[in-house]
Amino acid sequence: MRFPLSFVSKEGQGALAPFAQRKGEAPPPLSPDPPRATMPTVMLHSAYRRPAWVPLCAALLALALATAACGDDDDSPLGGDLILATTTSVRDSGLLDDLVPLFERRSGVNVKVIAVGTGAALRLAEDGNADALFVHAPDAERALVDAGHAVNRRLVMYNDFLLLGPDDDPAVVAGSHDAAAALARIAAAESRFVSRGDGSGTHQKELALWAAAGVEPRGSWYQEAGQGMGATLTIADQKRAYVLTDRATFLALSDDLELRSAVEGDPALLNLYSVMQVAPGKGGVNAPAAAAWVDFTQSREVQDLIRDFRRDEFGRPLFVPAAGKSEQQAAEDFSRSAVLPAFVVG
Amino acid sequence: MDFLWDGIREAVKLWARGDSEIIEITLRTLVIAGISTLIALAIGVPLGAALALKRFRGRSPIVALVHTGMGVPPVVVGLVVAVLLWRSGPLGGLNLIYSPSAMVVAQFIIAVPLVTGVSLVAVQSLNPRLLDQVVALGANRAQLLWVIVREARLGLLAALMAGFGAVISEVGASMMVGGNIAGETRVLTTATVLETSRGNIEVALALGLMLLIMAYVVNLIFTSVQQERRFA
């Protein structure tokens, strides 16, 4: 809908525009002011001395302020807005569509869910532009807490990552349970691999796995999408490439994908989701609401909700609740459950 | 092709059911784009007329600035507005980020150069003698502006459609400053992105179709107003 720039000619003001010569049209009725027939043409231009847009700008600002002022009118104990920065994979699973309305009813807090890459979410927290986080990049999260930007970090749930690949499996990795070794084979075969490339939790996990494999992924076979998980999966599917994904997004999209699970069940593929609140000292942060959000995710009710979330639909759980557990305990639970199917298949 | 067909079927199903969410999103899209276009008109038309009629030092750089603004990518506008409105930004105290007001501000900034630029051309192509005559007949400033609006209405409606079309189809800025929050700042474009990334291609297509139909209906109304008297 953009107007072509060429439309704007640098035609001089004095030129006669053809369509303006409509002789039949009389000038509109004028005010009963005494006619000033001798007014020189120059006066036309002086009619614009005082620009009309100054009061309009003021009106715009007033409008913006007025809309900002309304909206804080509930008398629940907490109230206010809570900006919850989360990752696209959490949002795309639909879990927050269940959790957020429940939390809003309980607390009277108006939650604004902002789904961005984990890198962006952590940055929002660092600058105090969010109140709480729900992310899955444990190393980066620890660094954030250590730097004093976030507090009250709690594990909420986990699931796992898996490596998907095309049917013909050019790097011959299918059925393996060693993600790093599989990546090394993919690199050696120079089979196409699509990376998130967006600093997200999944991307950080992928980079950690490449490091574990002792490979620096470089070359035309390694392609960075720079997009969310769903879009990256679609790209990998269309290009028949290998890709690392979280299980929730994979299950949600599996109907539309030809890619198959190639590698899963490696303890290194654990995907931990945590919540935390942004350090209360930062200006404008709604700390009471953020603390309430963290407590809410740890409640039995929410943990049950997570356990059963879309379980019937996919025939298996999307997330395993893990409130109150340490990362160590969650990792042990995961390797116990992950190794079992590995033996069955292997 | 299956997707496309399913999308159309899904769209019809959603409308037939009178799905309240999709109607709500559609109305919100219209209201936000409508308000920002109206404000852009209120400022862009007088500004364009002034730039068309006045000669002053520094006019050319300003006109060039307007023309550059006509092509500025919405994401850049979104980024700048977001940085300004974030709590850590200079206007953070207004608490506007992730609200419909923030979207209006961003969309206004996108629309105003388009409206100004097209208005400028519309007014500039009026016969200057007509305006001289109107002034000579004793018109005051408001009356002169009214004559300009009347005479240049074809071009000014084109300005309106350019501005409205840009903001209603824009996704980058709305996503950044609005945050695509359900029930608050989710509009048709951001909802389409969301449903695509969730793998609900049919719903995404339905939303996209809704946007197209709405844009068509609105433009049909504008166009019929614009063309009405042309042949009368």
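(A) Molecular detail of the overall build of chain B. The secondary structure content of chain B amounts to 11 helices and zero strands. For chain B, the α and β elements follow one another from N to C terminus as α-α-α-α-α-α-α-α-α-α-α. For chain B, the spread of C-alpha atoms along the three principal axes comes to 65 × 50 × 25 Å. Among the 232 residues that make up chain B, the fraction classed as buried is 53%. At a minimum sequence separation of 6, the contacts of chain B that also span at least 24 residues come to 77%.

(B) Region of the structure containing the overall build of chain A. Scanning chain A from terminus to terminus reveals 14 helices and 10 strands. Here chain A, with 346 residues, has 40% of them falling under the buried criterion. Restricting the contact set of chain A to residue pairs at least 6 apart, pairs at least 24 apart contribute 77%.

(C) Unusual backbone geometry, seen in detail. A positive phi angle, near 50°, is found at Glu 190 of chain A, a position not held by glycine. The phi torsion at Asn 95 of chain B lies on the positive side, around 60°, for a residue other than glycine. Relative to the elements of secondary structure, Asn 95 of chain B occurs in the loop between helix H4 (74-85) and helix H5 (100-124).

(D) The nonpolar core, seen in detail. Ranked by internal contacts, the top residues of the largest apolar core, which has 164 residues, are Leu 84 and Leu 133 of chain A. When residues in this core are grouped by element, the largest group, 17 residues, is from H5 of chain B. Once residues within four sequence positions are removed from consideration, Leu 84 of chain A is found in contact with Val 111, Lys 112, Val 113, Ile 114, Ala 130, Asp 131, Ala 132, Phe 134 and Trp 293 of chain A.

(E) Inspection of the pairing of strand S2 (residues 110-115) of chain A at higher detail. Residue and element names in this part refer to chain A. The element S2 is extensively covered by neighbouring structure, given that six of its six residues are classed as buried. Every second residue of S2 is oriented toward a common face, with Asn 110, Lys 112 and Ile 114 on one face and Val 111, Val 113 and Ala 115 on the other, all of them buried. Pairing analysis gives six bridges linking strand S1 (residues 81-86) to S2, with the strands arranged parallel. Residue pairing in the sheet places Leu 84 in a bridge with Val 113 of S2.

(F) Examining the pairing of strand S3 (residues 132-135) of chain A more closely. Residue and element names in this part refer to chain A. Residue alternation in S3 divides its side chains into two sets, Ala 132 and Phe 134 and Leu 133 and Val 135, and both sets are buried. Sheet topology places S1 next to S3; three bridges connect them, and they run parallel. Each bridged residue has a counterpart across the sheet, and for Thr 86 the counterpart in S3 is Phe 134. Examined bridge by bridge, S3 and strand S9 (residues 270-278) share four bridges and lie antiparallel to one another. For Leu 133, the partnering residue across the bridge sits in S9 and is Met 276.

(G) The arrangement of the packing of helix H2 (residues 20-53) of chain B against helix H8 (residues 153-168) of chain B in detail. Residues and elements named next belong to chain B. Between H2 and H8, the shortest axis-to-axis distance is 9 Å and the interhelical angle comes to 140°. With respect to H8, the element H2 is oriented oblique. Classified by chirality, the crossing of H8 by H2 is right-handed. Contacts between H2 and H8 involve Thr 29, Ala 33, Ser 36, Thr 37, Ala 40, Leu 41, Gly 44 and Val 45 from the former and Leu 156, Ala 159, Leu 160, Gly 163, Phe 164, Val 167 and Ile 168 from the latter. The residue makeup of the contact of H2 with H8, split by class, is 10 nonpolar, five polar and no charged.

(H) Here's a closer look at the confidence of the model for chain B. Residues and elements named next belong to chain B. Taken residue by residue, chain B gives an average pLDDT of 89. The fraction at 70 or more is 97%. Of all secondary-structure elements in chain B, the lowest mean pLDDT belongs to helix H1 (residues 2-16), at 77, while H5 reaches the highest, 96. Here the complex is predicted with pTM 0.74, and the ipTM for its interfaces comes to 0.72.

(I) Layout of the environment of Lys 282 of chain A. Summarising the element assignment, Lys 282 of chain A is placed in the loop between S9 and helix H11 (287-298). Along the primary structure Lys 282 of chain A and Ala 130 of chain A are separated by 152 residues, whereas in three dimensions their C-alpha atoms are 9.9 Å apart.

(J) Region of interest: the confidence of the model for chain A. Considering every residue of chain A, the mean pLDDT works out to 80; 75% of them sit at 70 or more. Below a pLDDT of 50 lies the segment residues 34-51 of chain A, which in the model reaches 23 contacts outside its immediate sequence neighbourhood of four places, other chains included.

(K) Geometry of the packing of helix H10 (residues 188-197) of chain B against helix H11 (residues 201-228) of chain B. All names here are of chain B. Contact geometry of H10 with H11 gives a least axis separation of 8 Å together with a crossing angle of 165°. The angle between the axes of H10 and H11 places the two elements in the roughly antiparallel class. Every pair of crossing elements has a handedness; the one defined by H10 and H11 is left-handed. Residues Leu 188, Thr 189, Ala 191, Thr 192, Glu 195 and Thr 196 of H10 touch H11, and the partners they reach there are Ile 201, Val 203, Ala 204, Leu 207, Gly 208, Met 210 and Leu 211.

(L) Expanded view of H8 of chain B. Spanning 16 residues, H8 of chain B covers 22 Å between terminal C-alpha atoms, matching the ideal 22 Å at 1.5 Å per step. Among the 16 residues of H8 of chain B, 13 are classified as buried, and the element is accordingly described as predominantly covered.

(M) Broad picture of the environment of Leu 14 of chain B. Residues and elements named next belong to chain B. Structurally, Leu 14 can be placed in helix H1. Of the residues examined, Leu 14 has 19 C-beta atoms within 10 Å and is grouped as partly exposed. Here the alpha-carbon distance between Leu 14 and Ile 168, two residues 154 residues apart in the chain, equals 21 Å. When sequence neighbours within four positions are dropped, the list of residues in contact with Leu 14 reads Asp 19, Ile 22 and Ala 206.

(N) The environment of Val 217 of chain B, seen in detail. With respect to the helices and strands, the residue Val 217 of chain B is situated in helix H11. Taking the C-alpha atoms as reference points, Val 217 of chain B and Val 203 of chain B, separated by 14 residues in sequence, lie 21 Å from one another.

What counts and what doesn't
- Residues numbered from 1 in each chain as written.
- Chains lettered and ligands numbered in written order.
- Predicted model: local features only at pLDDT ≥ 70, side-chain atom pairs only at ≥ 80, totals over all residues.
- Helix = DSSP H or I, 4+ residues; strand = E, 2+ residues; numbered from the N terminus.
- Buried ≥ 20, exposed ≤ 12 C-beta atoms within 10 Å, placed from the backbone.
- Contact = placed C-beta atoms within 7 Å.
- Core = buried A, V, L, I, M, F, W, Y, C linked by C-beta atoms within 7 Å.
- Pairing = 2+ DSSP bridges.
- Axes fitted to C-alpha atoms, helices over the stretch in contact; angles between N-to-C directions.
- Parallel < 35°, antiparallel > 145°, perpendicular 65-115°, else oblique.
- Left-handed = near helix turned anticlockwise from the far one by under 90°.
- Nonpolar A, V, L, I, M, F, W, Y, C, P; charged D, E, K, R; others polar.
- pLDDT = per-residue confidence, 0-100.
- Expected span 1.5 Å × (residues − 1).

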